[in-house]
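The primary structure of each chain is shown beneath.
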Amino acid sequence: EEWQERGAAVGVRRETDASGRTVVRQVKKGVRDFSFGRILGEGSYSSVYLATDRQTLKEYAIKVLEKRHIIKEKKIKYVNIEKDTLNRLTEHPGIVRLYYTFQDQNSLYYVLDLCSGGELLGVLKKTGTFDVECTRFYSAQILDAISYMHSRGVIHRDLKPENVLLDDQMNIKITDFGTAKLLQDPREVRRQMERGILDPSRGDEDDDGRAASFVGTAEYVSPELLTHKNACKASDLWAFGCIVYQLLVGRPPFKAGSEYLTFQKIVHLEYEFPQGFPLAARDLVERLLVLDPSRRLTIEHIKNHEFFDGQAFGKTLWRMKAPRLR
Ligand code: ATP
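Cut-offs and rules
Residues numbered from 1 in each chain as written. Predicted model: local features only at pLDDT ≥ 70, side-chain atom pairs only at ≥ 80, totals over all residues. Heavy atoms only, no water. Near = heavy atom within 4 Å. Polar contact = N/O pair within 3.5 Å; in protein donor to acceptor, adjacent residues only side chain to side chain. Areas by Shrake-Rupley, 256 points an atom, 1.4 Å probe, with all protein chains shown as cover. Helix = DSSP H or I, 4+ residues; strand = E, 2+ residues; numbered from the N terminus. Nonpolar A, V, L, I, M, F, W, Y, C, P; charged D, E, K, R; others polar. Pairing = 2+ DSSP bridges. Contact = heavy atoms within 4.5 Å. Axes fitted to C-alpha atoms, helices over the stretch in contact; angles between N-to-C directions.

**Quick word on the site of the ligand**
Consideration 1: Inspection of the region around the ligand gives 14 residues, with Ser44, Ser46, Lys63, Asp113 and Cys115 positioned closest.
Consideration 2: At 3.0 Å from an oxygen atom of the ligand is found a side-chain nitrogen or oxygen belonging to Lys63.
Consideration 3: Contact with the protein chains hides 78% of the accessible area of the ligand, taken as 610 Å² for the molecule alone.
Consideration 4: Take the shell around the ligand: its biggest share by element is 3 residues, from strand β3 (residues 34-42).
Consideration 5: Looking at side-chain class alone, the shell around the ligand contains 5 nonpolar, 4 polar and 5 charged residues.

Take a look at the structure:
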């Protein structure tokens, strides 16, 4: 019942009425407006299909979630977080966009941007490592997308190369917002501060102020989440540091035989740079993989770091041709 649908009155449909006249009606998209094609992938709670809008012939990825399974596994909360978050993040080329949501008796449907290039992890596995040029380009796009979601009050909390998809132009789109944390609407925060009813230091908290529980993937989890059970915007930048390292080396900096051993490495900052790791990149990673989140580089500092010398951000970055993978 909580399921709010997106995309009411999104199209027109021509129908013939009883007297044979053509009437144009505004309609909400539904399952029947798409033809479903091959399966693009499967998650623990969903299947993702290639689908075509019958009217416009535009292709999408449609994520189908079986209601019964979600209820049984108690994942309703995550399904709603993902939808609410995507509905907040509709204006950036680096975030998978949610166009419509609808449901039928058995399933929920998310109509999403199609990312035909697959996961960044898959591409990285094929090449083994990225050279500096590719690493700079892809990490710049990831950073630009993080910058946008943070500005909209969203912490992703599970950034990793599996959650970075690639479109047909080989530009990135971040996905998987099921474990995101929604901060208070920044406009609401400002209004409350102006009226003196909100402490400005509260800007980094949940709507309900509850403590964050463990979410994420062992290799990319920030030390503050492990020691204080608390994720903040800087936690995404820790993961970003892990990703920059991984693109250049081919594996993440903290990796061990079990989750527990990986966590031990993280909280002790136990990792090494292989020989030949580029110096500017090393300096950047060292300033991101800092245990104290308040001492990590901020997004503005990262953009001005020498590793990104000459790199465009913002609109220009998304109009550039992606470099050939090497
Ligand atoms: P889990 O729920 O187990 O963590 P997941 O988050 O990868 O898995 P989904 O988001 O449902 O689950 O995605 C399932 C698969 O479909 C993924 O492997 C992904 O590569 C593919 N996929 C997801 N979204 C898209 C998209 N917009 N375009 C193309 N492929 C996609």
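**Some words on the sheet that holds strand β8 (residues 118-119)**
Consideration 1: Spatially, the 3 strands line up as an open sheet ordered β8-β10-β11, and their pairing is antiparallel. Sheet topology places β8 and β11 (172-174) at the edges, where each strand pairs with a single neighbour.
Consideration 2: Where β8 and strand β10 (residues 164-166) come together, 2 bridges link them in antiparallel fashion. The residue bridging Glu119 from the neighbouring strand is Leu165, located in β10.
Consideration 3: Those strands touched by helix α4 (residues 132-151) are β10 and β11, and its axis lies near 35° from that of β11.

**Notes on the pairing of β3**
Consideration 1: Pairing of β3 with strand β4 (residues 46-53) involves 6 bridges; the strand directions are antiparallel. Among the inter-strand pairings, Phe34 is bridged to a residue of β4, identified as Asp53.
Consideration 2: Taking the residues between adjacent antiparallel strands as the criterion, β3 and β4 are bridged by 3 residues.

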